[in-house]
Amino acid sequence: QKEVEQNSGPLSVPEGAIASLNCTYSDRGSQSFFWYRQYSGKSPELIMFIYSNGDKEDGRFTAQLNKASQYVSLLIRDSQPSDSATYLCARSPGRFGAGTRLTVKP
Amino acid sequence: EPEVTQTPSHQVTQMGQEVILRCVPISNHLYFYWYRQILGQKVEFLVSFYNNEISEKSEIFDDQFSVERPDGSNFTLKIRSTKLEDSAMYFCASSLDRGSYGYTFGSGTRLTVV
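Definitions and limits used
Residues numbered from 1 in each chain as written. Chains lettered and ligands numbered in written order. Predicted model: local features only at pLDDT ≥ 70, side-chain atom pairs only at ≥ 80, totals over all residues. Heavy atoms only, no water. Contact = heavy atoms within 4.5 Å. Buried area = accessible area lost by both parts, 1.4 Å probe. Polar contact = N/O pair within 3.5 Å; in protein donor to acceptor, adjacent residues only side chain to side chain. Helix = DSSP H or I, 4+ residues; strand = E, 2+ residues; numbered from the N terminus. Nonpolar A, V, L, I, M, F, W, Y, C, P; charged D, E, K, R; others polar. Pairing = 2+ DSSP bridges. Axes fitted to C-alpha atoms, helices over the stretch in contact; angles between N-to-C directions.

1. Here's the deal with the interface of chain A and chain B
Facing the 19 residues of chain A at the interface are 17 residues of chain B. Approximately 1,400 Å² of surface area, both sides summed, lies buried where chain A meets chain B, with 54% of it carried by carbon and sulfur atoms. The three residues of chain A that bury the most area against chain B are Pro93(A), Arg95(A) and Phe96(A), which together make up 30% of that side's buried surface. The tally of links between chain A and chain B comes to five residue pairs in polar contact (both at pLDDT 80 or more). Counting only elements with at least two residues in the side of chain A that touches chain B, the list comes to strand S4 (33-38), strand S5 (45-50) and strand S10 (95-96) of chain A. The element best represented in the side of chain A that touches chain B is S4(A), accounting for three residues. Looking at the side of chain A that touches chain B residue by residue, the classes come out as 10 nonpolar, seven polar and two charged.

Put into structure tokens, the structure is as follows:
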């Protein structure tokens, strides 16, 4: 049973657009959720965490959590080519989704 | 900014040999982890370690694997009798608490078994 599922993509958006990344999870007991960014050949880098229902904003990034629907999302506003990476959804403790590869085209 | 340090960055070993991957977690962190990522695949949890003992391990972490905190700073992953399918990037991570606020990852050790 997969614990954290993501659309593997790839997802391609033009520069300046909003990128929307989605994730579902199966364990209703999960408390905290995370979005990591992983550039090719590099280690995961924490972008945001969220543990309360609703939205959490940090700069161009907004994480959304809906525990009733077991759904987590990440919105990236004003996408930049430097945002091109694989985005990993994870729950605590440390279970990762397969990741969604995002490409932002100039 | 504090970081998790892993050595070596790349290790090549012959099938059947033992390897030890080393990590220095962030100094005030209390929880330590090892993850594996086979090329092109997802990040897989191996083991978590707290208070000098394993707190959780996955089905991947079988008798071939062991972890140790030999002193106050290092955290090691030992793989006995390596197999070709052990070739992967191994990431060490640490967290101040049980990961409620996420983990800090090291840059990884690429293990190649030939």
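2. Some points on the sheet that holds strand S1 (residues 4-6) of chain A
Residues and elements named next belong to chain A. Spatial ordering of the open sheet is given by S1-S3-S8-S7-S6, a layout of five strands whose pairing is antiparallel. With partners counted over all chains shown, the strands left at the sheet margins are S1 and strand S6 (54-58), one partner each. On average, each strand axis in the sheet is inclined to that of its neighbour by 20°, with strand direction left out of account. Here six bridges tie strand S7 (residues 61-66) to strand S8 (residues 71-76), and the two strands are oriented antiparallel to one another. Among the inter-strand pairings, Thr62 is bridged to a residue of S8, identified as Leu75.

3. Observations concerning the sheet that holds strand S3 (residues 19-24) of chain B
All names here are of chain B. With antiparallel pairing, four strands are arranged side by side in an open sheet as S1-S3-S8-S7. Edge strands, defined here as strands with exactly one partner in the open sheet, are strand S1 (5-7) and strand S7 (65-68). In this sheet, neighbouring strand axes are inclined to one another by 20° on average, regardless of whether the strands run parallel or antiparallel. Where S1 lies against S3, three bridges are found, and the strand directions are antiparallel. Opposite Thr5, over in S3, you have Val24 as the bridge partner.

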